[in-house]
Amino acid sequence: MKQKYRETIYGKDYRKWKFSGCNNCAKCCNGSHFLIGDIFYSEIAKLFQLFPIIFHISNDILMLKIVFTLEQHIPCIYFNADNKKCLIYQKIRPMACREFPFYLIPDNNSATFFKNDAVEYDCFCPSVKSCEQGIPIFDSSLSLSEQFMQTFIGNEGLKEPIQDQNIIHDFLYTLLRFKLLTRKPFLIDIPEKPFLPPYEIDIITIDEIKLKSLSDKDLSELHSLGFMYSINQHLSSLQLFQKQYMHLYNIKTSLNKAN
Ligand code: SF4
Ligand code: SF4
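Summarised in this report is the structure supplied together with it.

Cut-offs applied
- Residues numbered from 1 in each chain as written.
- Chains lettered and ligands numbered in written order.
- Predicted model: local features only at pLDDT ≥ 70, side-chain atom pairs only at ≥ 80, totals over all residues.
- Helix = DSSP H or I, 4+ residues; strand = E, 2+ residues; numbered from the N terminus.
- Rg over C-alpha atoms; globule rule 2.2 N^0.38 Å.
- Contact = placed C-beta atoms within 7 Å.
- Pairing = 2+ DSSP bridges.
- Near = placed C-beta within 6 Å.
- Nonpolar A, V, L, I, M, F, W, Y, C, P; charged D, E, K, R; others polar.
- Expected span 1.5 Å × (residues − 1).
- Bend = angle between axes of the 7 residues up to and from the residue.
- Buried ≥ 20, exposed ≤ 12 C-beta atoms within 10 Å, placed from the backbone.
- Core = buried A, V, L, I, M, F, W, Y, C linked by C-beta atoms within 7 Å.

Counting its regular elements, the protein chain contains 7 helices and 13 strands. For 259 residues, the compact-globule estimate of 2.2 N^0.38 gives 18 Å, and the protein chain sits close to it at 19 Å. The principal-axis extent of the C-alpha atoms belonging to the protein chain is close to 55 × 55 × 40 Å. Sequence separation of 24 or more characterises 71% of the internal contacts of the protein chain that already satisfy a separation of 6 or more.

Below is the structure:
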């Protein structure tokens, strides 16, 4: 049977679903599985030098995503396996990490741009349970509970995704209108496995040949909307990731040798 990565839970089952609190098992960071998360528009400029940013289709919906962990036994490059801590926790940890193991479900027809009577969770997290103990995920109005939103999404975080969802929608719609997206393999040399061929993910990215052949009018539209920055940051994120990976790998290796 195919393994499920994400499960949707609904407000109508509000009595059932609780989050018993993060137990720091580190399954979300340590490479227990391939993990991609949502990225918000305002995060692209902050994160493109740190993580690959890709386009992704799920249930026929095009989304912008960030790649955290690649495959089994290859942790996030910012995960410190010795103390099970995140190297960028205080500074620039992405919103998707702060929200984990939950994913708000986009809904462009609602005032908040997210569904409030359902949420997805990552099945690998052992702390989301249908149990008696923990923070209730929904309340009796069948909506995401205030306590849940405050604890896991946060006041500050909530405003950002609401505004961002609108811009991301325009950004993706514009890329589709200009037919700028294409499927391509993204290859990464895994320093821990030097004798194996590069790890390959089939991703959706910008078709650079088409981008170069756009008319001046279309290019100027992309510039005026500010989307050209985001396109370049997406492309740079793919190029920079390998360097960043090697850089951190070398630091970790030399620290291990020094100890
Ligand atoms: S998988 Fe869940 S319980 Fe484990 S560290 Fe991540 S959020 Fe916490
Ligand atoms: S950035 Fe930090 S919190 Fe996010 S997956 Fe990597 S190690 Fe975990």
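Now that the structure is up, let's keep going.
All right, on to the sheet that holds strand E9 (residues 118-122) then. Pairing within the open sheet is antiparallel, and its 3 strands lie in the order E1-E9-E8. Where the open sheet ends on each side, the last strands, each with one partner, are strand E1 (6-10) and strand E8 (102-103).

This brings us to the site of ligand 1. Around ligand 1 lies a shell formed by Cys 22, Asn 23, Asn 24, Cys 25, Ala 26, Lys 27, Cys 28, Phe 100, Pro 101, Cys 125, Pro 126 and Ser 127. Per-class residue counts for the shell around ligand 1 are 8 nonpolar, 3 polar and 1 charged.

Compared with an ideal rise of 1.5 Å per residue, which puts 32 residues at 46 Å, helix H7 (residues 227-258) spans 45 Å between its outermost C-alpha atoms and is within 8% of the ideal. Along H7, the helix axis deviates most sharply at Leu 240, where the bend reaches about 35°.

This part covers the sheet that holds strand E11 (residues 135-136). An order of E10-E2-E11 is seen for the 3 strands of this open sheet, with the pairing classed as antiparallel. If you trace the sheet from one side to the other, it starts and ends with strand E10 (128-130) and E11, each paired once. Pairing between strand E2 (residues 17-19) and E11: 2 bridges, direction antiparallel. Each residue of the ladder has a partner; that of Phe 19, found in E11, is Ile 135.

What follows covers the environment of Leu 176. Looking at where Leu 176 falls in the secondary structure, it is placed in helix H4 (residues 155-177). Looking at Leu 176, the number of C-beta atoms within 10 Å reads 12, which means it is exposed. Distance in space between the C-alpha atoms of Leu 176 and Leu 62 is 9.5 Å, their sequence separation being 114 residues.

Where a protein is soluble and globular, its nonpolar side chains tend to be buried together. Counting 32 residues, the largest nonpolar core has Ile 39, Leu 47, Phe 51, Ile 53, Ile 66 and Phe 68 as its most contacted members. Looking at this core, the elements with two or more residues in it are strand E3 (35-38), helix H1 (41-47), strand E4 (53-58), strand E5 (61-69), helix H2 (95-99), H4 and H7. When residues of this core are assigned to their parent elements, the largest contribution, 4 residues, is made by E5. Those residues within four positions of Phe 68 in sequence are excluded, and the remaining contacts are Leu 35, Ile 36, Gly 37, Phe 51 and Cys 76. Judged by nonpolar contacts, the second largest core, of 13 residues, contains Tyr 14, Val 119, Val 128 and Ile 137.

Bridging between E4 and E5 involves 6 bridges; their strand directions are antiparallel. Considered in E5, the bridge of His 56 is made with Met 63. Hairpin connection of E4 to E5: 2 residues between the antiparallel strands, including Asn 59 at a positive phi of 50°.

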